[in-house]
Amino acid sequence: MKNILLVAVLLCTGVLSAQNPLITREGTTSFFSHAPLEDIEAVNDKTTAAIDFVKGDVVVKMLIKHFTFKNALMQEHFNENYMESEKFPAAIFKGKILTDEAIDLSQDGTYSVRVKGGLTIHGVEQAAEATAMITVTDGQVTAKTEFIARPADYDIEIPTVVVRNIAEEIQVTTTLNFSTTKE
Amino acid sequence: MSKRIFYCCCFLLLLCTSARAQDELLSLLEETEPEETTLTPATFKGSRLINGHTVMTRRKGSLEFLIAHRFGRLNSGAYELFGLDNANVRFGLDYGLTDRLTVGFGRNSFEKTYDVFAKFAILRQQSGATTVPVSVTGFVSGAVNTLRPIDPDTEVPFSERVSYTYQLLVARKISPNFSVQLMPTLVHFNIVPENLSNDLTALGVGGRLLLTKRLSVNAEYYYRLQDRETDNYDALAIGIDLETGGHVFQLQFTNSRSMVEKGFIRETTGDFFGGDIHFGFNITRTF
(Lines give C-alpha, C1' and ligand atoms only; values in the text may rest on other atoms or scores of the structure.)
Protein backbone atom coordinates (compact mmCIF):
# COMPACT_ATOMS: atom_id res chain seq x y z
CA MET A 1 0.00 0.00 0.00
CA LYS A 2 2.81 2.36 0.93
CA ASN A 3 4.50 1.51 -2.35
CA ILE A 4 1.39 2.43 -4.27
CA LEU A 5 1.26 5.84 -2.60
CA LEU A 6 4.90 6.33 -3.36
CA VAL A 7 4.34 5.48 -6.99
CA ALA A 8 1.36 7.82 -7.14
CA VAL A 9 3.37 10.67 -5.64
CA LEU A 10 6.23 9.97 -8.02
CA LEU A 11 3.80 9.91 -10.90
CA CYS A 12 2.38 13.27 -9.85
CA THR A 13 5.74 14.95 -9.48
CA GLY A 14 6.84 13.28 -12.69
CA VAL A 15 3.93 14.90 -14.49
CA LEU A 16 4.84 18.26 -13.04
CA SER A 17 8.53 18.14 -13.79
CA ALA A 18 7.99 16.87 -17.31
CA GLN A 19 6.39 20.19 -18.13
CA ASN A 20 8.54 22.47 -20.10
CA PRO A 21 6.02 24.89 -21.47
CA LEU A 22 6.97 27.61 -23.86
CA ILE A 23 5.73 31.00 -22.78
CA THR A 24 5.24 34.28 -24.56
CA ARG A 25 3.81 37.60 -23.42
CA GLU A 26 4.10 39.32 -26.76
CA GLY A 27 1.73 37.38 -28.92
CA THR A 28 -0.51 39.22 -31.34
CA THR A 29 -4.26 38.82 -31.62
CA SER A 30 -6.23 40.86 -34.09
CA PHE A 31 -9.82 40.82 -35.12
CA PHE A 32 -11.60 42.03 -38.16
CA SER A 33 -15.26 42.82 -38.53
CA HIS A 34 -16.63 43.36 -41.99
CA ALA A 35 -20.10 44.92 -42.08
CA PRO A 36 -22.03 46.83 -44.75
CA LEU A 37 -21.30 50.24 -43.20
CA GLU A 38 -17.78 49.84 -41.93
CA ASP A 39 -14.82 47.57 -41.35
CA ILE A 40 -13.47 47.49 -37.82
CA GLU A 41 -10.05 46.26 -36.85
CA ALA A 42 -8.26 46.02 -33.53
CA VAL A 43 -4.94 44.58 -32.41
CA ASN A 44 -3.78 43.20 -29.07
CA ASP A 45 -0.01 42.79 -29.07
CA LYS A 46 0.22 41.74 -25.45
CA THR A 47 -1.37 38.34 -25.89
CA THR A 48 0.12 35.84 -23.45
CA ALA A 49 0.31 32.11 -24.07
CA ALA A 50 1.81 28.93 -22.69
CA ILE A 51 2.10 25.75 -24.73
CA ASP A 52 3.27 22.44 -23.40
CA PHE A 53 4.34 20.58 -26.53
CA VAL A 54 5.05 17.41 -24.58
CA LYS A 55 1.47 16.99 -23.48
CA GLY A 56 -0.17 19.18 -26.05
CA ASP A 57 -1.78 21.61 -23.63
CA VAL A 58 -2.39 25.18 -24.74
CA VAL A 59 -3.44 28.23 -22.77
CA VAL A 60 -3.86 31.69 -24.31
CA LYS A 61 -4.84 34.72 -22.27
CA MET A 62 -5.25 38.33 -23.26
CA LEU A 63 -6.63 41.41 -21.59
CA ILE A 64 -9.49 43.04 -23.45
CA LYS A 65 -8.25 46.54 -22.65
CA HIS A 66 -5.07 45.83 -24.63
CA PHE A 67 -6.97 45.84 -27.91
CA THR A 68 -6.17 49.06 -29.72
CA PHE A 69 -8.37 50.63 -32.35
CA LYS A 70 -7.70 53.47 -34.75
CA ASN A 71 -10.72 55.30 -33.40
CA ALA A 72 -10.36 56.09 -29.70
CA LEU A 73 -14.09 56.39 -29.13
CA MET A 74 -14.65 53.00 -30.72
CA GLN A 75 -12.08 51.54 -28.34
CA GLU A 76 -13.91 53.07 -25.41
CA HIS A 77 -17.24 51.69 -26.58
CA PHE A 78 -15.69 48.28 -27.21
CA ASN A 79 -14.54 48.16 -23.59
CA GLU A 80 -17.52 49.87 -22.03
CA ASN A 81 -20.53 48.71 -23.97
CA TYR A 82 -19.68 45.47 -25.70
CA MET A 83 -16.96 43.58 -23.83
CA GLU A 84 -17.55 45.18 -20.40
CA SER A 85 -13.86 44.84 -19.72
CA GLU A 86 -14.11 46.15 -16.17
CA LYS A 87 -16.31 43.17 -15.34
CA PHE A 88 -14.68 40.66 -17.70
CA PRO A 89 -11.07 41.78 -18.08
CA ALA A 90 -9.64 38.81 -19.99
CA ALA A 91 -10.34 36.42 -22.82
CA ILE A 92 -8.93 32.95 -22.18
CA PHE A 93 -8.51 29.86 -24.31
CA LYS A 94 -7.67 26.52 -22.73
CA GLY A 95 -7.27 23.53 -24.93
CA LYS A 96 -5.31 20.69 -26.40
CA ILE A 97 -3.32 20.22 -29.56
CA LEU A 98 -4.67 17.24 -31.49
CA THR A 99 -2.08 15.77 -33.81
CA ASP A 100 -1.00 12.38 -35.06
CA GLU A 101 2.62 13.25 -35.61
CA ALA A 102 4.84 14.37 -32.76
CA ILE A 103 5.98 17.95 -32.88
CA ASP A 104 9.74 18.02 -32.74
CA LEU A 105 10.96 21.39 -31.57
CA SER A 106 14.61 20.49 -32.15
CA GLN A 107 14.17 20.30 -35.92
CA ASP A 108 12.82 22.76 -38.45
CA GLY A 109 9.39 21.83 -39.68
CA THR A 110 5.81 22.83 -40.24
CA TYR A 111 2.82 21.17 -38.67
CA SER A 112 -0.83 21.69 -39.32
CA VAL A 113 -2.73 20.73 -36.20
CA ARG A 114 -6.22 20.96 -34.75
CA VAL A 115 -6.63 22.79 -31.49
CA LYS A 116 -9.67 22.03 -29.42
CA GLY A 117 -10.82 23.47 -26.15
CA GLY A 118 -12.86 26.15 -24.45
CA LEU A 119 -12.79 29.84 -25.25
CA THR A 120 -14.01 32.29 -22.64
CA ILE A 121 -14.98 35.77 -23.79
CA HIS A 122 -17.19 38.24 -21.92
CA GLY A 123 -17.48 35.70 -19.11
CA VAL A 124 -19.05 33.07 -21.37
CA GLU A 125 -17.24 29.83 -22.17
CA GLN A 126 -17.87 28.14 -25.50
CA ALA A 127 -16.32 25.09 -27.06
CA ALA A 128 -13.89 26.15 -29.75
CA GLU A 129 -11.92 24.32 -32.38
CA ALA A 130 -9.56 25.64 -35.01
CA THR A 131 -6.70 24.72 -37.26
CA ALA A 132 -3.30 26.06 -36.28
CA MET A 133 -0.03 26.17 -38.16
CA ILE A 134 3.03 25.48 -36.08
CA THR A 135 6.34 26.37 -37.65
CA VAL A 136 9.73 25.58 -36.16
CA THR A 137 12.68 27.52 -37.55
CA ASP A 138 16.06 27.77 -35.84
CA GLY A 139 14.65 27.19 -32.39
CA GLN A 140 11.89 29.72 -32.97
CA VAL A 141 8.40 28.32 -32.75
CA THR A 142 5.52 30.17 -34.36
CA ALA A 143 1.93 29.16 -33.85
CA LYS A 144 -0.72 30.84 -35.91
CA THR A 145 -4.44 30.31 -36.03
CA GLU A 146 -7.47 31.93 -37.57
CA PHE A 147 -11.01 31.34 -36.49
CA ILE A 148 -14.45 32.89 -36.40
CA ALA A 149 -16.11 34.11 -33.24
CA ARG A 150 -19.74 35.17 -33.09
CA PRO A 151 -20.51 37.95 -30.58
CA ALA A 152 -23.98 36.45 -30.06
CA ASP A 153 -22.41 33.21 -28.75
CA TYR A 154 -20.72 35.16 -25.98
CA ASP A 155 -23.77 37.22 -24.94
CA ILE A 156 -22.31 40.34 -26.51
CA GLU A 157 -25.30 42.43 -27.29
CA ILE A 158 -25.28 44.47 -30.48
CA PRO A 159 -28.03 47.09 -30.55
CA THR A 160 -30.09 47.37 -33.71
CA VAL A 161 -28.79 50.86 -34.53
CA VAL A 162 -25.30 49.50 -35.15
CA VAL A 163 -26.32 46.19 -36.68
CA ARG A 164 -25.01 47.39 -40.03
CA ASN A 165 -21.71 48.48 -38.44
CA ILE A 166 -20.70 45.31 -36.63
CA ALA A 167 -20.43 41.91 -38.26
CA GLU A 168 -22.18 38.85 -36.86
CA GLU A 169 -19.02 36.86 -37.45
CA ILE A 170 -15.72 38.29 -36.35
CA GLN A 171 -12.53 36.96 -37.86
CA VAL A 172 -9.86 36.47 -35.23
CA THR A 173 -6.17 35.84 -35.91
CA THR A 174 -3.63 34.92 -33.26
CA THR A 175 0.11 34.67 -33.84
CA LEU A 176 2.43 33.46 -31.09
CA ASN A 177 6.19 33.46 -31.29
CA PHE A 178 8.24 31.41 -28.86
CA SER A 179 11.91 30.86 -28.40
CA THR A 180 13.00 27.37 -27.33
CA THR A 181 16.41 28.57 -26.23
CA LYS A 182 16.37 29.71 -22.65
CA GLU A 183 17.27 33.33 -22.14
CA MET B 1 -6.81 -5.38 -4.44
CA SER B 2 -3.81 -3.09 -4.29
CA LYS B 3 -3.42 -3.39 -8.05
CA ARG B 4 -6.96 -2.25 -8.54
CA ILE B 5 -6.37 0.84 -6.39
CA PHE B 6 -3.22 1.52 -8.38
CA TYR B 7 -5.07 1.43 -11.69
CA CYS B 8 -7.85 3.54 -10.28
CA CYS B 9 -5.31 6.12 -9.20
CA CYS B 10 -3.68 6.11 -12.62
CA PHE B 11 -6.99 6.46 -14.38
CA LEU B 12 -8.12 9.34 -12.15
CA LEU B 13 -4.78 11.02 -12.63
CA LEU B 14 -5.04 10.82 -16.40
CA LEU B 15 -8.60 12.04 -16.30
CA CYS B 16 -7.86 15.19 -14.36
CA THR B 17 -4.38 15.79 -15.76
CA SER B 18 -5.54 17.46 -18.93
CA ALA B 19 -7.82 20.09 -17.35
CA ARG B 20 -5.46 20.48 -14.44
CA ALA B 21 -2.42 20.84 -16.67
CA GLN B 22 -4.13 23.68 -18.50
CA ASP B 23 -5.01 25.38 -15.24
CA GLU B 24 -1.40 24.98 -14.18
CA LEU B 25 -0.27 26.53 -17.46
CA LEU B 26 -2.68 29.40 -16.85
CA SER B 27 -1.41 30.02 -13.33
CA LEU B 28 2.12 29.82 -14.70
CA LEU B 29 1.18 32.61 -17.10
CA GLU B 30 -0.54 34.62 -14.42
CA GLU B 31 2.30 34.25 -11.92
CA THR B 32 4.62 36.16 -14.18
CA GLU B 33 1.98 38.66 -15.19
CA PRO B 34 3.28 42.14 -14.45
CA GLU B 35 0.95 44.19 -12.29
CA GLU B 36 -0.49 46.91 -14.42
CA THR B 37 -2.17 50.20 -13.85
CA THR B 38 -5.62 50.52 -15.35
CA LEU B 39 -6.96 53.95 -16.14
CA THR B 40 -10.58 54.06 -15.10
CA PRO B 41 -12.43 54.31 -18.39
CA ALA B 42 -15.40 56.51 -19.25
CA THR B 43 -16.09 58.31 -15.98
CA PHE B 44 -18.55 60.21 -18.15
CA LYS B 45 -19.78 59.46 -21.66
CA GLY B 46 -19.07 62.91 -22.98
CA SER B 47 -16.82 65.89 -22.58
CA ARG B 48 -19.85 67.86 -21.29
CA LEU B 49 -21.81 66.89 -18.21
CA ILE B 50 -24.76 69.00 -19.39
CA ASN B 51 -23.82 72.66 -19.71
CA GLY B 52 -20.38 72.43 -18.21
CA HIS B 53 -17.37 70.27 -18.88
CA THR B 54 -16.54 66.90 -17.39
CA VAL B 55 -13.06 65.70 -16.46
CA MET B 56 -12.93 63.80 -19.74
CA THR B 57 -10.34 64.86 -22.28
CA ARG B 58 -10.28 63.68 -25.88
CA ARG B 59 -7.68 61.15 -26.95
CA LYS B 60 -4.73 62.49 -28.87
CA GLY B 61 -5.68 63.36 -32.43
CA SER B 62 -9.40 62.96 -32.07
CA LEU B 63 -11.65 65.74 -33.19
CA GLU B 64 -15.13 66.23 -31.84
CA PHE B 65 -17.79 68.34 -33.43
CA LEU B 66 -20.51 69.59 -31.11
CA ILE B 67 -23.85 71.11 -31.90
CA ALA B 68 -25.83 72.32 -28.93
CA HIS B 69 -29.26 73.92 -28.80
CA ARG B 70 -31.19 75.60 -26.01
CA PHE B 71 -34.76 76.48 -26.81
CA GLY B 72 -36.93 79.14 -25.18
CA ARG B 73 -38.71 78.71 -21.88
CA LEU B 74 -41.24 75.94 -21.37
CA ASN B 75 -43.53 78.35 -19.51
CA SER B 76 -43.74 80.65 -22.55
CA GLY B 77 -46.82 78.64 -23.48
CA ALA B 78 -48.37 77.09 -26.56
CA TYR B 79 -48.06 80.30 -28.61
CA GLU B 80 -44.26 79.92 -28.53
CA LEU B 81 -44.66 76.14 -28.74
CA PHE B 82 -43.26 75.92 -25.21
CA GLY B 83 -40.07 77.64 -26.23
CA LEU B 84 -39.33 75.64 -29.37
CA ASP B 85 -39.91 78.71 -31.60
CA ASN B 86 -36.94 80.30 -30.00
CA ALA B 87 -33.60 78.58 -30.21
CA ASN B 88 -30.03 79.50 -29.63
CA VAL B 89 -27.22 77.37 -30.83
CA ARG B 90 -23.57 76.73 -30.13
CA PHE B 91 -21.29 75.11 -32.67
CA GLY B 92 -17.96 73.94 -31.43
CA LEU B 93 -14.90 71.88 -32.18
CA ASP B 94 -12.82 70.08 -29.55
CA TYR B 95 -9.45 68.57 -30.40
CA GLY B 96 -7.16 66.32 -28.39
CA LEU B 97 -3.62 67.70 -28.68
CA THR B 98 -2.42 64.95 -26.35
CA ASP B 99 -4.32 62.35 -24.34
CA ARG B 100 -4.33 64.83 -21.48
CA LEU B 101 -4.72 68.18 -23.22
CA THR B 102 -7.85 69.15 -25.13
CA VAL B 103 -8.44 72.52 -26.73
CA GLY B 104 -11.57 73.83 -28.36
CA PHE B 105 -13.54 76.78 -29.53
CA GLY B 106 -17.14 77.55 -30.26
CA ARG B 107 -19.66 80.16 -31.10
CA ASN B 108 -22.89 80.60 -29.23
CA SER B 109 -25.64 82.59 -30.90
CA PHE B 110 -26.77 83.80 -27.47
CA GLU B 111 -25.14 87.25 -27.11
CA LYS B 112 -23.12 86.28 -30.21
CA THR B 113 -20.42 84.86 -27.98
CA TYR B 114 -17.18 83.28 -29.15
CA ASP B 115 -15.32 81.09 -26.70
CA VAL B 116 -12.04 79.22 -26.54
CA PHE B 117 -10.97 76.75 -23.90
CA ALA B 118 -8.22 74.42 -22.83
CA LYS B 119 -8.51 71.56 -20.38
CA PHE B 120 -5.74 69.45 -18.98
CA ALA B 121 -6.05 66.15 -17.16
CA ILE B 122 -3.81 66.66 -14.12
CA LEU B 123 -4.73 63.37 -12.45
CA ARG B 124 -6.52 60.40 -13.90
CA GLN B 125 -8.38 57.93 -11.76
CA GLN B 126 -6.62 54.57 -11.94
CA SER B 127 -6.23 51.31 -10.12
CA GLY B 128 -3.73 48.47 -10.11
CA ALA B 129 -0.01 49.02 -9.59
CA THR B 130 -0.66 52.68 -8.79
CA THR B 131 -3.96 53.83 -7.40
CA VAL B 132 -5.35 57.30 -7.93
CA PRO B 133 -8.81 57.70 -6.43
CA VAL B 134 -10.01 60.69 -8.46
CA SER B 135 -9.59 62.39 -11.81
CA VAL B 136 -8.66 66.05 -11.68
CA THR B 137 -8.84 68.27 -14.74
CA GLY B 138 -7.93 71.93 -14.91
CA PHE B 139 -10.09 74.01 -17.17
CA VAL B 140 -9.72 77.56 -18.52
CA SER B 141 -11.98 79.35 -20.95
CA GLY B 142 -12.28 82.82 -22.37
CA ALA B 143 -15.41 84.28 -23.91
CA VAL B 144 -16.04 87.35 -26.02
CA ASN B 145 -19.47 88.89 -26.31
CA THR B 146 -19.67 90.43 -29.78
CA LEU B 147 -23.16 91.96 -29.58
CA ARG B 148 -23.34 95.40 -31.17
CA PRO B 149 -23.91 98.15 -28.66
CA ILE B 150 -27.52 99.33 -28.38
CA ASP B 151 -26.39 102.85 -29.18
CA PRO B 152 -24.35 102.53 -32.41
CA ASP B 153 -22.32 105.64 -31.57
CA THR B 154 -20.80 104.18 -28.42
CA GLU B 155 -17.86 101.91 -28.65
CA VAL B 156 -17.40 99.00 -26.25
CA PRO B 157 -13.70 98.21 -25.99
CA PHE B 158 -12.65 94.62 -26.49
CA SER B 159 -11.38 94.30 -22.93
CA GLU B 160 -14.87 95.02 -21.63
CA ARG B 161 -16.36 92.24 -23.73
CA VAL B 162 -14.08 89.55 -22.39
CA SER B 163 -14.58 87.23 -19.45
CA TYR B 164 -12.72 84.22 -18.15
CA THR B 165 -13.62 81.03 -16.34
CA TYR B 166 -11.24 78.87 -14.31
CA GLN B 167 -12.33 75.51 -13.02
CA LEU B 168 -10.89 72.56 -11.21
CA LEU B 169 -12.95 69.53 -12.12
CA VAL B 170 -12.65 66.68 -9.64
CA ALA B 171 -14.47 63.47 -10.45
CA ARG B 172 -14.67 59.94 -9.22
CA LYS B 173 -16.27 56.97 -10.89
CA ILE B 174 -17.63 55.41 -7.74
CA SER B 175 -19.04 52.35 -9.44
CA PRO B 176 -19.30 51.35 -13.11
CA ASN B 177 -22.72 53.02 -13.09
CA PHE B 178 -22.23 56.03 -10.90
CA SER B 179 -19.84 58.97 -11.19
CA VAL B 180 -19.77 62.28 -9.33
CA GLN B 181 -17.97 65.51 -10.03
CA LEU B 182 -17.18 68.66 -8.04
CA MET B 183 -16.40 71.88 -9.87
CA PRO B 184 -14.89 74.75 -7.87
CA THR B 185 -15.09 77.69 -10.27
CA LEU B 186 -13.92 81.27 -10.63
CA VAL B 187 -15.55 83.53 -13.23
CA HIS B 188 -13.86 86.84 -13.95
CA PHE B 189 -15.53 89.67 -15.83
CA ASN B 190 -13.38 92.62 -16.83
CA ILE B 191 -16.33 94.90 -16.32
CA VAL B 192 -19.41 94.45 -14.14
CA PRO B 193 -22.23 96.65 -12.82
CA GLU B 194 -21.22 98.72 -9.80
CA ASN B 195 -22.80 96.56 -7.11
CA LEU B 196 -21.16 93.33 -8.31
CA SER B 197 -17.67 91.98 -7.92
CA ASN B 198 -15.46 91.25 -10.91
CA ASP B 199 -14.72 87.80 -9.60
CA LEU B 200 -17.43 85.35 -8.80
CA THR B 201 -16.72 82.02 -7.20
CA ALA B 202 -19.07 79.12 -7.47
CA LEU B 203 -19.11 75.50 -6.47
CA GLY B 204 -20.56 73.11 -8.96
CA VAL B 205 -21.64 69.57 -8.25
CA GLY B 206 -22.87 66.99 -10.71
CA GLY B 207 -23.09 63.35 -11.50
CA ARG B 208 -24.34 60.68 -13.79
CA LEU B 209 -26.14 57.44 -13.20
CA LEU B 210 -26.11 54.79 -15.92
CA LEU B 211 -29.53 53.23 -16.37
CA THR B 212 -28.47 50.95 -19.20
CA LYS B 213 -25.12 50.60 -20.95
CA ARG B 214 -26.06 53.38 -23.36
CA LEU B 215 -28.39 55.58 -21.34
CA SER B 216 -27.57 57.71 -18.35
CA VAL B 217 -29.27 60.37 -16.26
CA ASN B 218 -27.15 63.42 -15.49
CA ALA B 219 -27.56 66.35 -13.14
CA GLU B 220 -25.52 69.48 -12.66
CA TYR B 221 -25.81 72.40 -10.26
CA TYR B 222 -23.64 75.47 -9.74
CA TYR B 223 -23.99 77.29 -6.42
CA ARG B 224 -22.74 80.90 -6.59
CA LEU B 225 -20.86 81.93 -3.47
CA GLN B 226 -21.23 85.69 -4.08
CA ASP B 227 -23.70 88.11 -5.62
CA ARG B 228 -26.63 86.07 -4.44
CA GLU B 229 -28.87 89.11 -4.03
CA THR B 230 -28.97 89.78 -7.78
CA ASP B 231 -31.80 88.73 -10.09
CA ASN B 232 -29.71 85.79 -11.27
CA TYR B 233 -30.17 82.19 -10.29
CA ASP B 234 -27.92 79.22 -9.76
CA ALA B 235 -27.63 77.10 -12.87
CA LEU B 236 -29.43 73.80 -12.57
CA ALA B 237 -29.69 71.18 -15.26
CA ILE B 238 -31.07 67.67 -15.54
CA GLY B 239 -30.62 65.55 -18.60
CA ILE B 240 -30.00 62.21 -20.19
CA ASP B 241 -27.10 60.93 -22.29
CA LEU B 242 -27.92 58.56 -25.10
CA GLU B 243 -25.09 56.93 -26.93
CA THR B 244 -25.35 55.43 -30.39
CA GLY B 245 -22.18 54.38 -32.15
CA GLY B 246 -20.06 57.46 -32.83
CA HIS B 247 -22.63 59.88 -31.44
CA VAL B 248 -23.57 60.98 -27.97
CA PHE B 249 -26.96 62.67 -27.71
CA GLN B 250 -27.62 64.68 -24.61
CA LEU B 251 -31.13 65.95 -23.94
CA GLN B 252 -31.62 68.33 -21.07
CA PHE B 253 -33.79 70.71 -19.12
CA THR B 254 -32.01 73.72 -17.67
CA ASN B 255 -32.72 77.22 -16.45
CA SER B 256 -29.73 78.60 -18.40
CA ARG B 257 -29.79 79.93 -21.93
CA SER B 258 -26.08 80.28 -22.42
CA MET B 259 -23.84 77.35 -23.27
CA VAL B 260 -20.63 79.16 -22.35
CA GLU B 261 -19.27 78.75 -18.80
CA LYS B 262 -19.32 82.42 -17.84
CA GLY B 263 -22.89 82.63 -19.12
CA PHE B 264 -24.56 79.76 -17.34
CA ILE B 265 -22.58 79.98 -14.12
CA ARG B 266 -22.91 83.73 -13.66
CA GLU B 267 -25.74 84.97 -15.86
CA THR B 268 -28.52 82.43 -15.49
CA THR B 269 -31.77 84.37 -15.28
CA GLY B 270 -34.30 81.56 -15.25
CA ASP B 271 -36.05 80.36 -12.13
CA PHE B 272 -36.08 76.59 -12.63
CA PHE B 273 -38.85 76.01 -10.13
CA GLY B 274 -40.85 78.91 -11.55
CA GLY B 275 -40.97 77.09 -14.87
CA ASP B 276 -38.24 79.06 -16.64
CA ILE B 277 -36.91 75.86 -18.08
CA HIS B 278 -35.16 75.55 -21.41
CA PHE B 279 -35.27 72.29 -23.25
CA GLY B 280 -32.08 71.61 -25.14
CA PHE B 281 -29.74 69.05 -26.65
CA ASN B 282 -26.08 68.48 -27.34
CA ILE B 283 -24.97 66.24 -30.17
CA THR B 284 -21.38 65.21 -30.56
CA ARG B 285 -19.69 63.44 -33.39
CA THR B 286 -16.16 62.21 -32.99
CA PHE B 287 -13.81 61.86 -35.93
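Presented here is an overview of the structure given in this document. (Residues numbered from 1 in each chain as written. Chains lettered and ligands numbered in written order. Predicted model: local features only at pLDDT ≥ 70, side-chain atom pairs only at ≥ 80, totals over all residues. Heavy atoms only, no water.)

**Here's the deal with the overall build of chain A**
Per the secondary structure count, chain A includes two helices and eight strands. Listing every helix and strand of chain A by position from the N terminus yields α-β-β-β-α-β-β-β-β-β. Relative to its 183 residues, chain A shows a buried fraction of 47%. Within chain A, counting contacts between residues at least 6 apart in sequence, those at least 24 apart form 57% of the total. Of the accessible surface of chain A, which amounts to about 9,800 Å², a share of 55% is contributed by carbon and sulfur atoms. (Helix = DSSP H or I, 4+ residues; strand = E, 2+ residues; numbered from the N terminus. Buried < 20%, exposed > 50% of the residue type's maximum accessible area, 1.4 Å probe, protein only. Contact = heavy atoms within 4.5 Å. Areas by Shrake-Rupley, 256 points an atom, 1.4 Å probe, with all protein chains shown as cover.)

**Some points on the overall build of chain B**
In terms of regular secondary structure, chain B is built from two helices and 14 strands. Relative to its 287 residues, chain B shows a buried fraction of 44%. Carbon and sulfur atoms make up 65% of the accessible area of chain B, which totals about 14,100 Å². A distance of 9 Å separates the average location of the 29 positive side-chain charges in chain B from that of its 31 negative side-chain charges. (Lys, Arg positive; Asp, Glu negative; His and termini not counted. Charge placed at Lys NZ, Arg CZ, Asp CG, Glu CD.)

**Focus on the sheet that holds strand β9 (residues 178-189) of chain B**
Within the closed barrel, the twelve strands sit side by side as β2-β3-β4-β5-β7-β8-β9-β10-β11-β12-β13-β14 (chain B). Their pairing is antiparallel. Here the strands of the sheet are splayed against their neighbours by 20° on average, with no regard to which way each runs. (Pairing = 2+ DSSP bridges. Axes fitted to C-alpha atoms, helices over the stretch in contact; angles between N-to-C directions.)

**Notes on empty space enclosed by the protein**
Residues and elements named next belong to chain B. All told, the structure shown has four cavities of 30 Å³ or more when counted by the stated rule. Considered as a void within the structure, the largest cavity measures approximately 110 Å³ in volume. Contributing elements (two or more residues each) for the lining of the largest cavity: β2 (63-73) and β5 (113-123). Ranked by residues supplied to the lining of the largest cavity, first place goes to β2 with four residues. Of the residues in the lining of the largest cavity, the class split is six nonpolar, three polar and five charged. Quantified by volume, the second largest cavity comes out at close to 50 Å³. Lining the second largest cavity are ten residues, and of these Lys45, Arg58, Glu64, Val248 and Thr284 lie nearest its centre. Residues belonging to the lining of the second largest cavity are distributed by class as follows: two nonpolar, five polar and three charged. (1 Å grid on protein atoms, 1.4 Å probe; cavity = no way out; pocket = protein on both sides within 12 Å on 5 of 7 lines; lining within 4 Å. Points joined across faces, edges and corners; volume = space filled by probe spheres on them. Nonpolar A, V, L, I, M, F, W, Y, C, P; charged D, E, K, R; others polar.)

**Focus: the pairing of strand β8 (residues 170-179) of chain A**
As judged from the five bridges shared by strand β1 (residues 22-34) of chain A and β8 of chain A, these two strands associate in the antiparallel manner. Residue pairing across strands places Ser30 of chain A opposite Thr173 of chain A, the latter belonging to β8 of chain A.

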